[in-house]
Number of protein chains: 2
Amino acid sequence: MITLDYRDKRPIYEQIVDKLSELMVKGVLKQDSPMPSVRSLAAELSINPNTVQRSYIELERMGYIYSVRGKGSFVADISGIKNSRSKETERAVEELVKEAKLVGISEEELILIIRQKYEEEEGRRD
Amino acid sequence: MITLDYRDKRPIYEQIVDKLSELMVKGVLKQDSPMPSVRSLAAELSINPNTVQRSYIELERMGYIYSVRGKGSFVADISGIKNSRSKETERAVEELVKEAKLVGISEEELILIIRQKYEEEEGRRD
DNA sequence: TAACTGTATTAGTTATCTTAGTACAGTTAG
DNA sequence: CTAACTGTACTAAGATAACTAATACAGTTA
């Protein structure tokens, strides 16, 4: 389902949160479909169940999943989250523009880079 | 000279590195001009001198400053660093484009936002 | 010489991350 | 009903990173 990157310095539980939420945003994991159980995902990734549980608690707090005792965890309706993630991205653009101006990248140069990256990303399957 | 943001979750030494390097890139701190001494900056920020020293070690490692025993630390020639920071920014654009596509922001929408942010940043003095 | 500079070392605290083991509560297939 | 699965909760322990603290040494300068 996902793989861990041990070169990544971020905590494991955070990587799991990011990768799973990405799968949900992409629509690979659809609304109300079951998430892997805490124990099975832990076994698959060869990590402690507590670490996965921590990721699930975080995902539930953020609204990506809902959990039912005895039944399992399921993908929530994330349409609202997509919007807030959009706004977050706009804020990230602000930081990027600030840094670009700082290092002397002009508006037109930045836009050129954007177009280029979009092309590169075009055919990508991930 | 700089102020710390205690709501910022990043380590203090990293904040110092970022803020001081920004001042150098902006040209506020010019080449060969003296940096505040480890002890004086620590006093000014009410933190331990070792924390400031760690920032200075990092700044020296990155090439922003050079230190002379007994004399002090000084701003280095950072023209080369500006270039590498530019390349770093291009890499950041890649991440941004990836996230933008994920949350459904089109190329033209993103460019529109960029133009808008550039306008907002235009008159800014920081 | 006194008062600055950077540098080095050691130690202790605090917080975060991860693992481990155990236990309880609810669901479900056989 | 029961075995095997779910989520949830708790405590403990080890590792690591960030920060503080105290102290000392080395070089510069008014």
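Placed above this text is the structure.
Residues numbered from 1 in each chain as written. Chains lettered and ligands numbered in written order. Predicted model: local features only at pLDDT ≥ 70, side-chain atom pairs only at ≥ 80, totals over all residues. Heavy atoms only, no water.

(A) Quick look at helix α1 (residues 12-26) of chain B. The end-to-end C-alpha distance of α1(B) is 21 Å, a good match for the 21 Å that 15 residues give at a rise of 1.5 Å each. Turning to α1(B), its buried residues number three or more, namely Y13(B), Q15(B), I16(B), V17(B), L20(B), S21(B), L23(B), M24(B) and V25(B). The inward-facing, buried residues of α1(B) contact α4 (79-102) of chain A together with α2 (38-45), α3 (49-62), β1 (65-68), β2 (72-75) and α4 (79-102) of chain B. Positive backbone phi, at 90°, marks G27(B), one or two positions downstream of α1(B). (Helix = DSSP H or I, 4+ residues; strand = E, 2+ residues; numbered from the N terminus. Expected span 1.5 Å × (residues − 1). Buried < 20%, exposed > 50% of the residue type's maximum accessible area, 1.4 Å probe, protein only. Contact = heavy atoms within 4.5 Å.)

(B) Local environment of the interface of chain B and chain A. On the side of chain A, 33 residues touch chain B, which itself brings 33 residues to the contact. Each partner contributes to the roughly 3,700 Å² buried at the junction of chain B and chain A, and carbon and sulfur atoms together form 64% of this total. In this structure, E107(A) engages R115(B) in a salt bridge whose closest nitrogen and oxygen atoms are separated by 3.2 Å. Linking chain B with chain A are 14 residue pairs in polar contact (both at pLDDT 80 or more). Of all elements in the fold, only α1, α4 and α5 (107-122) of chain B reach the threshold of two or more residues within the side of chain B that touches chain A. Residue contributions to the side of chain B that touches chain A peak at 15 residues, all from α4(B). Residue composition of the side of chain B that touches chain A, grouped by class: 14 nonpolar, 3 polar and 16 charged. (Buried area = accessible area lost by both parts, 1.4 Å probe. Salt bridge = Lys/Arg side-chain N within 4 Å of Asp/Glu carboxyl O. Polar contact = N/O pair within 3.5 Å; in protein donor to acceptor, adjacent residues only side chain to side chain. Nonpolar A, V, L, I, M, F, W, Y, C, P; charged D, E, K, R; others polar.)

(C) Examining the packing of α1(B) against α3(B) more closely. Residue and element names in this part refer to chain B. Running from N to C, α1 and α3 point in directions that differ by 50°, and their axes come no closer than 9 Å. Judged by the angle between their axes, α1 and α3 are oblique. In terms of crossing hand, the pair formed by α1 and α3 is right-handed. Contact with α1, carried on its side by I12, Y13, I16, V17, L20, S21 and M24, involves T51, V52, R54, S55, Y56, E58, L59 and M62 of α3 and no other residues of that element. (Axes fitted to C-alpha atoms, helices over the stretch in contact; angles between N-to-C directions. Parallel < 35°, antiparallel > 145°, perpendicular 65-115°, else oblique. Left-handed = near helix turned anticlockwise from the far one by under 90°.)

(D) Representation of the pairing of strand β2 (residues 72-75) of chain A in the model. Residue and element names in this part refer to chain A. By the bridge criterion, 4 bridges tie strand β1 (residues 65-68) to β2 in an arrangement that is antiparallel. Among the inter-strand pairings, V68 is bridged to a residue of β2, identified as G72. The loop that links β1 with its antiparallel partner β2 comprises 3 residues; one of these, G70, has a positive phi angle of about 90°. (Pairing = 2+ DSSP bridges.)

(E) Quick look at the protein's contact with DNA strand D. Around DNA strand D, the structure places 23 residues, and the nearest of them are R39(A), P11(B), I12(B), N50(B) and T51(B). Among all atoms of DNA strand D positioned within 4 Å of the protein, those belonging to sugar or phosphate total 64%. Within the side chain of R39(A), one N or O atom sits 2.9 Å away from a base oxygen of DNA strand D. At the level of elements, α2 (38-45), α3 (49-62), β1 and β2 of chain A together with α1 and α3 of chain B are the ones that each hand at least two residues to the surface near DNA strand D. A total of 3 residues in the surface near DNA strand D trace back to one element, the largest contributor, which is α3(B). (Near = heavy atom within 4 Å.)

(F) Molecular detail of the relation of the copies chain B and chain A. Structural alignment of chain B on chain A gives an RMSD of 0.2 Å, achieved by rotating through 179° and translating 0.1 Å along the axis. Both chain copies can therefore be described as sitting about a two-fold axis. Scanning chain B for the C-alpha nearest the rotation axis identifies I111(B), at a separation of 3.1 Å. Mapped onto chain A, 100% of the interface residues of chain B again fall at the interface, so both copies present the same surface. (Least-squares fit on C-alpha atoms with pLDDT ≥ 70 in both.)

Honestly, it's all geometry; don't read function into it.
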